[in-house]
Amino acid sequence: SQTIHQWPATLVQPVGSPLSLECTVEGTSNPNLYWYRQAAGRGLQLLFYSVGIGQISSEVPQNLSASRPQDRQFILSSKKLLLSDSGFYLCAWSRGREETQYFGPGTRLLVL
Amino acid sequence: ILNVEQSPQSLHVQEGDSTNFTCSFPSSNFYALHWYRWETAKSPEALFVMTLNGDEKKKGRISATLNTKEGYSYLYIKGSQPEDSATYLCAFNFGNEKLTFGTGTRLTIIP
């Protein structure tokens, strides 16, 4: 069976510090991978998605970036965090377009 | 801009009562509609994927219908139980790799 992991579970970071959130998927190959954010009081916003190693599509221009160094690894990064980066970050995977997306446990980020 | 709208935003229902809520989406270029349940402190869990006009899907006490011509889907919960309390999200797919999510309906079941 497939599982998806995210870490860390929670993170408190000062403004201006770097960020690295990691997501890994087990039990499948060549998945589509996604990063979402839920800001306080808002819905799920798609940040990035990837259909293969090294292929990243950005949905919202901002100070975040994503990378996919391996088939089942997806990393969300920032060089300098802003207060507005606070939120709940979810990674998800799917087998392909129109398929169900399966979500990881999420990372709660608080930028102070 | 592709809008997926859900109503109501929140709902309080007495335990044992049945309820339903709505997801509205653009009726052109339809490919698939997804429903998810998102419980507090957990990650979203897939309920249904619906692709055909007139589709009706069921999972226990929860069912959903789809009208692609008019651009809406209903989610029904029969005989609500406390464990049904969650935010219910719908998401629209236009035939690419992305899902566009609505803001959800937050359901609270009152014991």
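Before any of the text, the structure's been laid out above.
Bear in mind the structure is a predicted one, so any value in this text is a computation, not a measurement.

So, on to the overall build of chain B. The number of helices and strands found in chain B is zero helices and 11 strands. The N-to-C order of helical and strand elements in chain B reads β-β-β-β-β-β-β-β-β-β-β. In terms of overall size, chain B behaves like a compact globule, its C-alpha atoms giving a radius of gyration of 13 Å where 111 residues would be expected to give roughly 13 Å. When the backbone C-alpha atoms are referred to their principal axes, chain B occupies close to 40 × 30 × 20 Å. Considering chain B as a whole, with its 111 residues, one finds that 48% of them fall into the buried category. Taking contacts inside chain B between residues at least 6 apart in sequence as the whole, the part at least 24 apart equals 52%. With an accessible surface of roughly 5500 Å², chain B has 45% of that area assigned to carbon and sulfur atoms.

Sheet strands pair via backbone hydrogen bonds, and the direction of the pair is either parallel or antiparallel. All names here are of chain A. Ordered in space as E1-E3-E8-E7, the four strands form an open sheet in which the pairing is antiparallel. Because the sheet does not close on itself, it has two edges, and the strands there are strand E1 (3–7) and strand E7 (64–70). With strand direction ignored, the average angle separating the axes of adjacent strands in the sheet is 20°.

So, on to the pairing of strand E4 (residues 32–38) of chain A. Residue and element names in this part refer to chain A. Taking burial as the measure, the seven residues of E4 include six buried ones, the bulk of the element. Pairing between E4 and strand E9 (residues 87–94): seven bridges, direction antiparallel. Within E9, the position partnered with arginine 37 by the bridge is tyrosine 89. In this antiparallel pair of consecutive strands, E4 and strand E5 (residues 44–52), the connection spans five residues, and glycine 41 shows a positive phi of 75°.

As a further point, take the interface of chain B and chain A. Counting residues at the interface gives 18 residues for chain B and 20 residues for chain A. When chain B packs against chain A, close to 1600 Å² is buried across both sides, 61% of that on carbon and sulfur atoms. Three residues, B:Trp38, B:Glu97 and B:Lys98, lead the burial of chain B against chain A; their summed loss comes to 36% of the area buried on that side. Where chain B meets chain A, there are one salt bridge. Of the charged contacts, one joins A:Glu59 and B:Lys98 as a salt bridge, the two residues approaching to 3.2 Å between their closest N and O atoms. Taken together, chain B and chain A are joined by four residue pairs in polar contact (both at pLDDT 80 or more).

This part is about the pattern of salt bridges. One pass over the full model with this rule turns up six salt bridges over all chains. Note that A:Arg37 and A:Asp85 form a salt bridge whose closest N and O atoms lie 3.6 Å from each other. Here A:Asp85 lies in the loop between strand E8 (73–78) and E9 and A:Arg37 lies in strand E4, a separation of 48 residues in the sequence. For A:Arg37, a relative accessible area of 9% translates into the label buried. A relative accessible area of 3% places A:Asp85 in the buried class. Across the pair B:Glu45 and B:Arg37 runs a salt bridge whose closest N-O atoms are separated by 3.4 Å. Taking the relative accessible area as the measure of exposure, B:Arg37 reaches 15% and is therefore buried.

This part takes up the nonpolar core. Judged by nonpolar contacts, the single largest core of 23 residues is most densely connected at B:Phe21, B:Leu33, B:Trp35, B:Phe48, B:Leu75, B:Tyr88 and B:Leu107. Breaking this core down by element, the ones donating at least two residues are strand E2 (10–14), strand E3 (19–24), strand E4 (32–38), strand E5 (45–50), strand E7 (62–67), strand E8 (72–77), strand E9 (86–93) and strand E11 (105–110) of chain B. Take this core: its biggest share by element is four residues, from E9(B). Filtering out sequence-adjacent residues up to four positions away, B:Leu33 remains in contact with B:Cys23, B:Phe25, B:Phe48, B:Val49, B:Met50, B:Leu66, B:Ser73, B:Ala91 and B:Phe92. Ranked by size, the runner-up nonpolar core spans 20 residues in total, among them A:Cys23, A:Phe48, A:Leu81 and A:Tyr89.

Calculation rules
Residues numbered from 1 in each chain as written. Chains lettered and ligands numbered in written order. Predicted model: local features only at pLDDT ≥ 70, side-chain atom pairs only at ≥ 80, totals over all residues. Heavy atoms only, no water. Helix = DSSP H or I, 4+ residues; strand = E, 2+ residues; numbered from the N terminus. Rg over C-alpha atoms; globule rule 2.2 N^0.38 Å. Buried < 20%, exposed > 50% of the residue type's maximum accessible area, 1.4 Å probe, protein only. Contact = heavy atoms within 4.5 Å. Areas by Shrake-Rupley, 256 points an atom, 1.4 Å probe, with all protein chains shown as cover. Pairing = 2+ DSSP bridges. Axes fitted to C-alpha atoms, helices over the stretch in contact; angles between N-to-C directions. Buried area = accessible area lost by both parts, 1.4 Å probe. Salt bridge = Lys/Arg side-chain N within 4 Å of Asp/Glu carboxyl O. Polar contact = N/O pair within 3.5 Å; in protein donor to acceptor, adjacent residues only side chain to side chain. Core = buried A, V, L, I, M, F, W, Y, C linked by side-chain atoms within 4.5 Å.

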